[in-house]
Amino acid sequence: MTQVFSVIALKGGVGKTTTSVALAHMFAAEFNKRVLVVDLDPQASASDMLIGTARVAEISFAGRSVACAFHDPSDARSRWYPCADITERSVGGIHGVTTIDLLPASASLYQEQSGLNAPPPGIPRHGLLSAYLRPVLAQYDIVIIDCPPNFNTVTQNALFASNGYLIPIIPDILSTRGVPTLLQMVRDFSQRTGHLVVPIGMVAVKMQMNSRVHTETLRQLRGLHMMIPVFPQVIPQTNHIAAAAAFGHAASLAHKWGHPAIPGLLRTLCQMISLRLDQISPRA
Ligand SMILES: Nc1ncnc2c1ncn2[C@@H]1O[C@H](COP(=O)(O)OP(=O)(O)OP(=O)(O)O)[C@@H](O)[C@H]1O
Ligand SMILES: [Mg+2]
């Protein structure tokens, strides 16, 4: 059974996209998983990282982005393509890693975010992405949805398509403030829609190991015992990870994300995420 999870936070710039892409690389490179990355952010950062800015511009111009999920196929005014037709294959640029596909984003998602388009009859507004992905889901082991920094209609579509959600957090005071609100909003959404989407965990990212604020905030977060575990794995802030945002070809996972600890960290994170997703919805 395909495992689908959203990477989500209310706050911007907390590492959602970097985490999504790093996990996609690791799941594909070291666990031989067939991975689909769904870029649901109109900023198209995950698409930029996986296929480069020039290709993102072509896709945007051609209207061949995930924004199609929010269009009515029968509406002659909007271009519509099925998911399989607009999926970018074997992306990511790491030598020998061929099992990552991308459903790319484009800026036209901003329009969807403002809720301008009416959903086709019979599909709830939050169920459009789930319906759009359904025909291709069986082709993948893992689907990772990179969300925009908000809780609007587009993000709700991500949750409705997901079994679980992962929250990256920078362990500083302001970045962690919104976490209880987000947990409550997801619980309310689950209750309202009848779709259970389970918290997988929080992962501390962009951690400055020598910062007292970071170490103390992380300690407090672990002590809060919210309904979501805080993974022991912590992703440090490094120049190498910042540079990984640039699309380009890399000889290996380690070259892309940095030596020597990061690939090990990502590997363990993938194992923990898989384990948790298996608990949520055991494989058939
Ligand atoms: N561990 C890290 N070390 C150094 N830089 C990082 C790290 N993680 C992310 N960054 C950088 O921080 C910035 C924000 O990261 P990212 O785009 O992944 O966040 P985001 O939550 O997806 O942002 P948005 O809310 O805009 O979608 C980017 O420039 C990224 O390259
Ligand atoms: Mg992002």
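Preceding block: the structure.
No experiment lies behind these values; they were computed from the predicted model shown. (Residues numbered from 1 in each chain as written. Chains lettered and ligands numbered in written order. Predicted model: local features only at pLDDT ≥ 70, side-chain atom pairs only at ≥ 80, totals over all residues. Heavy atoms only, no water.)

Draft legend 1. Structural detail: the overall build of the protein chain. When you go through the protein chain residue by residue, the secondary structure sums to 13 helices and seven strands. Taken along its principal axes, the extent of the C-alpha atoms in the protein chain is 55 × 45 × 35 Å. Burial status across the protein chain gives 55% buried among its 284 residues. Residue pairs in contact within the protein chain that sit at least 24 positions apart in sequence constitute 78% of those at least 6 positions apart. Of the accessible surface of the protein chain, which amounts to about 12300 Å², a share of 56% is contributed by carbon and sulfur atoms. A distance of 6 Å separates the average location of the 22 positive side-chain charges in the protein chain from that of its 17 negative side-chain charges. (Helix = DSSP H or I, 4+ residues; strand = E, 2+ residues; numbered from the N terminus. Buried < 20%, exposed > 50% of the residue type's maximum accessible area, 1.4 Å probe, protein only. Contact = heavy atoms within 4.5 Å. Areas by Shrake-Rupley, 256 points an atom, 1.4 Å probe, with all protein chains shown as cover. Lys, Arg positive; Asp, Glu negative; His and termini not counted. Charge placed at Lys NZ, Arg CZ, Asp CG, Glu CD.)

Draft legend 2. A look at the pairing of strand 2 (residues 35-39). Burial analysis of strand 2 places five of its five residues in the buried class, which makes it a mostly covered element. Residues Val35, Val37 and Asp39 of strand 2 are buried on one face, and the alternating residues Leu36 and Val38, pointing to the opposite face, are buried as well. Pairing of strand 2 with strand 3 (residues 100-103) involves four bridges; the strand directions are parallel. Within strand 3, the position partnered with valine 35 by the bridge is isoleucine 100. Sheet analysis places strand 2 next to strand 4 (residues 142-146), joined by five bridges and oriented parallel. Note that in strand 4 the partner of valine 35 across the bridge is isoleucine 142. (Pairing = 2+ DSSP bridges.)

Draft legend 3. Structural view of the site of ligand 1. Around ligand 1 there are 18 residues in total, and Lys16, Thr17, Thr18, Lys206 and Pro236 lie nearest to it. The backbone of glycine 13 places a nitrogen or oxygen atom 2.9 Å from an oxygen atom of ligand 1. At 3.0 Å, a backbone N or O of valine 14 approaches an oxygen atom of ligand 1. Compared with its free state, where it exposes 630 Å², ligand 1 has 81% of that area covered by protein. When residues of the shell around ligand 1 are traced back to their parent elements, those giving at least two are helix 1 (16-31), strand 7 (230-236) and helix 11 (239-243). Of the residues forming the shell around ligand 1, the biggest block, three residues, is contributed by helix 1. (Near = heavy atom within 4 Å. Polar contact = N/O pair within 3.5 Å; in protein donor to acceptor, adjacent residues only side chain to side chain.)

Draft legend 4. Broad picture of a nonpolar patch on the surface. Taken together, the side chains of Ile173, Leu174 and Val213 present a nonpolar region at the surface, about 280 Å² in accessible area. By the element assignment, leucine 174 lies in helix 8 (residues 173-177). We classify leucine 174 as exposed; its relative accessible area is 57%. (Patch = residues over 30% accessible without salt bridge, like charges linked within 9 Å, V, L, I, M, F, W, Y side chains within 5 Å. Salt bridge = Lys/Arg side-chain N within 4 Å of Asp/Glu carboxyl O.)

Draft legend 5. Representation of the state of the cysteines. This model, assessed by the stated rule, comprises zero disulfides. Of all cysteine sulfurs in the structure, the one in cysteine 83 sits closest to cysteine 68, which takes part in no disulfide; the separation is 9.3 Å. Classification of cysteine 68 as buried rests on a relative accessible area of 1%. Cysteine cysteine 147 shares no disulfide, and the gap to the nearest cysteine sulfur, in cysteine 83, comes to 16 Å. (Disulfide = S-S within 2.5 Å.)

Just distances and angles here, no functional claims.
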